[in-house]
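Descriptive analysis of the structure
These are the residues of each chain, in order.
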Amino acid sequence: VRGLAAALGIGLGADAFKNFIQGSIESAARLDDLSKKTGIAVGTLGGIGFAAKQAGGDLESAVAGANKLNKSLAEAAAGSPLAAEAFKLLGVNVKDAHGQVIGADVALAQLADKFAAYADGPNKTALAIRIFGKAGADMIPVLDQGGTKLRENIAYFEKYSGVTAESARQANEFKSTMAHLALASSAFGQQLAQQMLPTLS
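In this report, the structure presented in the accompanying data block is examined. Within any chain, residue numbers begin from 1 and follow the written order of that chain's sequence. Reporting of local features is limited, given that this is a predicted model, to residues whose pLDDT is at least 70; pairs of side-chain atoms are given and counted only at 80 or more, and all residues count toward the totals for whole chains, interfaces and linings. Side-chain figures throughout are based on the complete set of non-hydrogen atoms in the structure, without hydrogens or water.

Some remarks on the overall build of the chain
The helix and strand inventory of the chain stands at ten helices and zero strands. Throughout, the radius of gyration refers to the C-alpha atoms, and the reference size of a globule is 2.2 Å times the residue count to the power 0.38. For the chain, the C-alpha radius of gyration of 22 Å lies well beyond 17 Å, the compact-globule estimate for 201 residues. Here the C-alpha coordinates of the chain stretch approximately 75 × 50 × 35 Å along the principal axes. When burial is assessed residue by residue, the chain has 34% of its 201 residues classed as buried. In what follows, residue pairs with any heavy atoms lying within 4.5 Å of each other are defined as contacts. Sequence-distant contacts in the chain: of pairs separated by 6 or more residues, those separated by 24 or more amount to 65%. Numbering of helices and strands runs from the N terminus; a helix is a DSSP stretch of H or I covering at least four residues, while a strand is a stretch of E covering at least two. Using a 1.4 Å probe on the protein chains alone, a residue whose accessible area is under 20% of its type maximum counts as buried, one over 50% counts as exposed, and one in between counts as partly exposed.

Structural notes on helix α9 (residues 146-160)
Its 15 residues place the ends of α9 21 Å apart at the C-alpha level, agreeing with the 21 Å of an ideal helix rising 1.5 Å per residue. G162 lies just past α9 and shows a positive phi near 80°. The span you would expect from a helix comes to 1.5 Å times its residue count less one.

Digging into helix α7 (residues 122-132)
All of the buried residues along α7 are K124, L127, A128, I131 and F132. Seen from one end, α7 has its buried residues packed into an arc of 105°, which puts them on one side. Of the exposed residues in α7, the ones pointing more than 90 degrees away from its buried face are P122 and N123. Contact partners of the buried residues in α7: α4 (59-77), α5 (81-90), α6 (104-116) and α8 (136-143). Think of it as the arc spanned by the lines of direction from the helix axis to the C-beta atoms.

Considering the layout of surface pockets
The distinction between a cavity and a pocket rests on a 1 Å grid over the protein atoms alone: a 1.4 Å probe fits inside a cavity but cannot get out, while a pocket stays open yet meets protein on both sides within 12 Å along at least five of seven lines, and a residue with an atom within 4 Å of a point counts as lining. Grid points are joined across faces, edges and corners, and a volume is the space filled by probe spheres set on the points. The calculated volume of the largest pocket comes to roughly 370 Å³. In terms of lining, the largest pocket is formed by 16 residues, of which the most central are S27, L31, K53, F157 and V163. Put simply, the parts of the chain that give the lining of the largest pocket at least two residues each are α2 (14-38) and α3 (42-54). A per-class count over the lining of the largest pocket returns seven nonpolar, seven polar and two charged. Charged residues are taken to be Asp, Glu, Lys and Arg, nonpolar residues to be Ala, Val, Leu, Ile, Met, Phe, Trp, Tyr, Cys and Pro, and polar residues to be all remaining types, Gly included.

A look at the packing of α4 against α5
Interaxial angles span 0 to 180 degrees and are taken between N-to-C directions of axes, which are lines fitted to C-alpha atoms, for helices over the stretch in contact. One can describe the packing of α4 onto α5 by two numbers: an axis separation of 7 Å at closest approach and a directional angle of 105°. As far as their axial angle goes, α5 and α4 are roughly perpendicular. Only A83, A84 and F87 of α5 make contact with α4, whose side of the interface consists of L69, S72, L73, E75 and A76. When the residues that make up the contact of α4 with α5 are grouped by side-chain class, the tally is six nonpolar, one polar and one charged. Any angle that falls under 35 degrees is termed roughly parallel, while one over 145 is termed roughly antiparallel, one within 65 to 115 roughly perpendicular, and all others oblique.

With respect to the side chain of S61
Examined against the element boundaries, S61 turns out to sit in helix α4. Relative accessible area serves as the criterion here: at 14%, S61 is assigned to the buried category. S61 has contacts with A135, D138 and M139, leaving out every residue within four places of it along the chain.

Written out as structure tokens, the structure reads:
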């Protein structure tokens, strides 16, 4: 790692190396958590976040949009006229050929194709908010890139990020282990303090 860092002109001391590794672990663990919340695969979700960053947004806003999209899809599939209206206007079927509700990742790519061709203006913003909730306006720059660009960003992330479903799961387990160790360390400190307090007082 030091050799690679030197080749890139990066000075990587012990503290910097620690922060570098810690940041990578936390990012992977965060993706694992968000994947469970959204039902979107780690690599796909990371790619959506990468696409959001390319469009000036961030992972958090993309996840908020994906969560609301999941809700909108479920409501539309259940027959809610209000929820189904926006999808019908855009020509997106919320069910696949087998009658199952499509996933948020599949719907997002289809919606991106439609939004990319949709004229900018209040109607476009209203549709985005109807489907993605408060995150709708933040999702428009991502959607405007089109489904092809979104899929390319997802593929790029999956190929070059180094984050897989397994590594994200392991990162989350490591964070959990460190939390247990931190609690045990804190408990030892508390017990030691209780023994010493009478003398210190």
